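# Summary of the model geometry
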Amino acid sequence: MKEIIKRITNTSIIMSIFLTVIGLCLAFFPDLSISTFGLVAGIYLIIEGIHLIYLDITSKNFYIPIDTLLPGILSIICGILLFKNPTTLSTITTIIIGIWMIAKSINNIKLSIALKDVTDAPWILLLVISIIESIIGLVVILNPVESSLSIITFVGIMLVIYSVVDIIEMVMFKRNVKKLEKIIKEKLIEG
């Protein structure tokens, strides 16, 4: 079980680092072609979706308080839409990324609640960070920017913020794997 959790956290950190690089490129080079970004974002979302579905399928034998099937399916659908029509990115980017951020933050809220039983785990901090992620997702959805360059810069900054927060969450989660594993074993014995 510890290996599955390590694999989940390590992969999530790697994907967040990749997303941080994309966000930095977009923030500092907003004149990049929108269609190029659309293709890259589409490929990333498809890969992330496949990864999330794979994690959901392979972790069915264990109780893990993370649901990765719905975010995986949403990620693949959004990735395919972006890949097929990357030029419409300027009108749908904020909505896609906002939905994705909210779906992932819901999983992190579940995780923080699961960590609540660990006495010295910083579950409140994780919960607050997850709520901030949800708020950022809503801001991304509700504030479409008029100019394409502004959208790309805005999305780049939001991707960097989101990725850094996700990396912090996964590091915190990784530090508490043993404690969480103990709680999961106790729940399995009770159930």
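Residues numbered from 1 in each chain as written. Predicted model: local features only at pLDDT ≥ 70, side-chain atom pairs only at ≥ 80, totals over all residues. Heavy atoms only, no water.

### Overview of the overall build of the protein chain
Keep this limit in mind: The numbering of helices and of strands both runs from the N terminus, where a helix is a DSSP run of H or I of at least 4 residues and a strand a run of E of at least 2. Whether a residue is buried, partly exposed or exposed follows from its accessible area with a 1.4 Å probe, protein chains only, as a fraction of its type maximum: under 20%, in between, or over 50%, in that order. Note on contacts: a residue pair is in contact if any heavy atoms of the two residues lie within 4.5 Å. Every accessible area reported is derived by Shrake-Rupley at a probe size of 1.4 Å, with residue values counting cover from the shown protein chains alone.
Per the secondary structure count, the protein chain includes seven helices and zero strands. Secondary structure elements in the protein chain, listed N-terminal to C-terminal, are α-α-α-α-α-α-α. The proportion of buried residues among the 191 residues of the protein chain is 46%. Of the contacts formed within the protein chain by residues at least 6 apart in sequence, a portion of 81% connects residues at least 24 apart. About 9,700 Å² of surface is accessible on the protein chain, with carbon and sulfur atoms providing 72% of the total.

### Observations regarding the side chain of N108
Heads up, the rule is: The term polar contact refers here to a pair of N or O atoms within 3.5 Å; inside protein, the definition further demands a hydrogen-donor-capable atom paired with an acceptor-capable atom, and it admits residues adjacent in sequence only when both atoms are side-chain atoms.
Along the chain, N108 turns up in helix α4 (residues 89-114). Polar side-chain contacts of N108 include one of 2.5 Å to the side chain of E169. Setting aside chain neighbours within four positions, we find N108 in contact with L126, S130, E133, D166, E169 and M170.

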